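Below, each chain spelled out in residue letters.
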Amino acid sequence: MAKRHFPESELIINSDGSCFHLHLKPEFLADKVVLVGDPARVDTVAAHFDAKEYEVSSREFHTITGTYKGKRITCSSHGIGCDNIDIVVNELDTLANIDYQTRKEREEHRTLTMVRIGTCGGLQPYTPTGTFIASVKSIGFDGLLNYYAGRNQVCDLHLEKAFCEHMQWDPIKGAPYVAVADQELINQIAANDMVRGYTVACGGFYGPQGRQLRADIADPLQNEKIESFEYNGLKICNFEMESSALAGLASLLGHRAMTCCMVIANRYAQKMNTEYKNQINDLVLRVLDRI
């Protein structure tokens, strides 16, 4: 089968040979990728590298590639939200699987391993601040994966149906999707010291996560219903804003991906830790050692 060719308007390559948003060149990318939201957290991760090869910053996208205990690793920031994950995962995939000279797919598929290190809001009594959570499956409120063919093949449709029935889901919000993280990677990274559960990836920080300030939210009981949902012995452990898009797009493109987060706010107990930046380093080291 002939490999597809991608025109300039679809695969946008900068004049220096780098991808449009991330400003990375193919040789900058390692097979193992650590993703973080905050551009400053890239420095936190890279501070543990034995050596650095490349460093690039563009908008909210900050990337450093280097080595850690003999492993070549790329750490890149993605900013906030599933829309940014759409950019990051697609552009990383082009670097791995499209020849930038010919604009054609490479003959052999290159599989990336992507682990997102993030922060989140805990939703259960057993997820207090400081808990590390591995997202086994992520319920996307953002709708991103619904724009891609094949979304049903990489989603848990039974869980989607059970969740919508439990929530009495209003279709005006758009269809939620349930993306599945790579199980082998979950076992590798989460080991036996992270809580495993479902995650809701929200399309915003306030209303979509049930926070009510001056604007009233459409469903005042949303969080209570989310907290009480259970399926196949697992509950929804946390809110964050990127895990569904990462797991879903990675599956569609043939990559391995998962998200692990540290709880910095427990919505159930209404507790918040604003000094979390010093504590997240422990999670960073666990991921670097296990990736």
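Data block above holds the structure.
Every value quoted in this text rests on a predicted model; they were computed, and no experiment measured them.

S.K.: Hey, could you run me through the pattern of salt bridges in this one?
M.R.: A side chain of one charge can pair with a side chain of the opposite charge when the charged atoms of the two come close. Under the criterion given, the structure shown has 14 salt bridges. Put simply, glutamate 105 and arginine 4 hold a salt bridge, and the shortest N to O gap is 3.4 Å. Placement of the pair is glutamate 105 in strand β6 (residues 104-105) and arginine 4 in the segment before β1 (32-36), with a sequence separation of 101 residues. Across the pair aspartate 156 and lysine 137 runs a salt bridge, and its minimum N-O distance is 2.5 Å. Linking aspartate 156 in the loop between β8 (132-140) and α3 (157-167) with lysine 137 in strand β8, this pair joins segments that are 19 residues apart in sequence. The exposure class of aspartate 156 is buried, given its relative accessible area of 13%. When its relative accessible area of 18% is taken as the criterion, lysine 137 is described as buried. The structure contains a network of salt bridges with shared partners spanning Asp193, Asp282, Arg286 and Arg290.

S.K.: Quick question: what am I supposed to make of the pairing of strand β7 (residues 113-122) here?
M.R.: The side chains of a regular strand alternate between both faces of the sheet. Counting buried positions along β7 gives nine out of 10 residues, so the element sits mostly inside the fold. Here β1 pairs with β7 via five bridges, running parallel. Looking at β7, one finds that valine 33 is bridged to methionine 114. Of the strand pairs in this sheet, β7 and strand β12 (residues 234-240) are connected by two bridges, and their pairing is antiparallel. In the strand pairing of β12, glycine 122 is matched with asparagine 238.

S.K.: Can you walk me through the layout of surface pockets in this structure?
M.R.: Rolled over the atoms, a probe with the dimensions of a water molecule shows which regions are left empty. By volume, the largest pocket amounts to about 750 Å³. Secondary-structure elements contributing two or more residues to the lining of the largest pocket are α2 (82-97) and α6 (243-253). Broken down by element, the residue count for the lining of the largest pocket peaks at seven residues, all from α2. Grouping the amino acids of the lining of the largest pocket by side-chain chemistry returns 13 nonpolar, five polar and nine charged.

S.K.: What am I meant to see in a nonpolar patch on the surface here?
M.R.: Residues Phe205, Tyr206 and Leu213 make up a contiguous nonpolar surface patch of about 340 Å² in total accessible area. On the secondary structure map, leucine 213 appears in the loop between β10 (195-201) and α5 (222-228). The exposure class assigned to leucine 213 is exposed, which follows from its relative accessible area of 63%.

S.K.: Help me understand α2 in this model?
M.R.: In an α-helix, one turn spans 3.6 residues, which is why side chains three or four residues apart end up on the same side. For α2, which comprises 16 residues, the first-to-last C-alpha distance of 22 Å matches the rise-based estimate of 22 Å (1.5 Å per residue) to within 8%. Along α2, 12 of the 16 residues are buried, which leaves the element largely enclosed by surrounding structure.

S.K.: What am I meant to see in α6 here?
M.R.: Here α6 lies mainly inside the structure; eight of its 11 residues are buried. Of the positions making up α6, those classed as buried are Ser243, Ser244, Ala245, Leu246, Ala247, Gly248, Leu249 and Ala250. Just downstream of α6, glycine 254 is the residue with a positive phi angle, here 85°.

S.K.: Before we go on, may I ask you to explain the environment of tyrosine 148 in this structure?
M.R.: Following the sequence through the fold, tyrosine 148 ends up in the loop between β8 and α3. Judged by its relative accessible area of 28%, tyrosine 148 is partly exposed. Note: C-alpha distance between tyrosine 148 and leucine 249 (101 residues apart in sequence) is 8.7 Å. Residues contacting tyrosine 148, with those up to four places away along its chain left out, are Asp86, Asn90, Leu249 and Leu252. A polar contact of 3.2 Å, which involves the side chain of tyrosine 148, links it to the side chain of asparagine 90.

S.K.: Can you walk me through the side chain of aspartate 156 in this structure?
M.R.: A distance of 2.5 Å separates the side chain of aspartate 156 from the side chain of lysine 137, its partner in a polar contact. Every residue in contact with aspartate 156, bar those within four places of it in the chain, is listed here: Lys137, Val178, Val180 and Tyr231.

Parameters and conventions
- Residues numbered from 1 in each chain as written.
- Predicted model: local features only at pLDDT ≥ 70, side-chain atom pairs only at ≥ 80, totals over all residues.
- Heavy atoms only, no water.
- Salt bridge = Lys/Arg side-chain N within 4 Å of Asp/Glu carboxyl O.
- Helix = DSSP H or I, 4+ residues; strand = E, 2+ residues; numbered from the N terminus.
- Buried < 20%, exposed > 50% of the residue type's maximum accessible area, 1.4 Å probe, protein only.
- Pairing = 2+ DSSP bridges.
- 1 Å grid on protein atoms, 1.4 Å probe; cavity = no way out; pocket = protein on both sides within 12 Å on 5 of 7 lines; lining within 4 Å.
- Points joined across faces, edges and corners; volume = space filled by probe spheres on them.
- Nonpolar A, V, L, I, M, F, W, Y, C, P; charged D, E, K, R; others polar.
- Patch = residues over 30% accessible without salt bridge, like charges linked within 9 Å, V, L, I, M, F, W, Y side chains within 5 Å.
- Areas by Shrake-Rupley, 256 points an atom, 1.4 Å probe, with all protein chains shown as cover.
- Expected span 1.5 Å × (residues − 1).
- Contact = heavy atoms within 4.5 Å.
- Polar contact = N/O pair within 3.5 Å; in protein donor to acceptor, adjacent residues only side chain to side chain.

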